[in-house]
Amino acid sequence: MKITVLLLKYTILSGKPSSEIHNITLGVSDDTGIAFSITISAYPKPHYVLLAENGSVNYEMVHSMSAIAVNKFTIHFSKTTVKLADFGTFVIYISNTFGTTSIYVNVIPQSK
């Protein structure tokens, strides 16, 4: 009797969060609102925070993170009403146990 054993190897690459995009520029007007997403590769699942130019946490933008795969995530940001304070440079600070990365978001006024 011959027994065949099939061994499957599944490797998860561990590493600090990374993104192919490091700078985002969004042109928005008063009536368009803000909505954008970024895709991050990381394992384990990263934590993130959106910081304003002065370093304070931005609590006004709605955000969520969804898993595409065990090591790939999409972070969604949106805000329906744009105020003067919403223009400027923001930093998305993303981290896990292996390191950190930052993505800069420039929100600029766009004429209609």
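From a predicted model like this one, the values you see are computed outputs, not experimental measurements.

Criteria and cut-off values
Residues numbered from 1 in each chain as written. Predicted model: local features only at pLDDT ≥ 70, side-chain atom pairs only at ≥ 80, totals over all residues. Heavy atoms only, no water. Pairing = 2+ DSSP bridges. Helix = DSSP H or I, 4+ residues; strand = E, 2+ residues; numbered from the N terminus. Salt bridge = Lys/Arg side-chain N within 4 Å of Asp/Glu carboxyl O. Buried < 20%, exposed > 50% of the residue type's maximum accessible area, 1.4 Å probe, protein only.

**Q** Is there a simple way to think about the pairing of strand β6 (residues 72-79) in this case?
**A** Regular strands have side chains that alternate between both faces of the sheet. Here eight bridges tie strand β3 (residues 34-43) to β6, and the two strands are oriented antiparallel to one another. Within the sheet, the bridge partner assigned to Thr39 lies in β6 and is Thr74. For strand β5 (residues 62-69) and β6, the ladder comprises seven bridges, and the chain directions are antiparallel. Directly across from Ala69, in β6, lies its bridge partner Lys72. From the end of β5 to the start of β6, which pair antiparallel, there are two residues.

**Q** For this particular structure, what's the right way to read the pattern of salt bridges?
**A** Side-chain pairs of opposite charge can arise whenever the charged atoms involved come near each other. Summed over all chains, the structure comprises three salt bridges. For Glu60, the salt bridge is made with Lys79, and the minimal N-O distance between the two is 2.9 Å. Of this pair, Glu60 sits in the loop between β4 (47-51) and β5 while Lys79 sits in strand β6, and the two are 19 residues apart along the sequence. Residue classification places Lys79 among the buried residues on the basis of a relative accessible area of 12%. Ionic pairing is found between Asp86 and Lys79, a salt bridge with its closest N-O pair at 2.8 Å.

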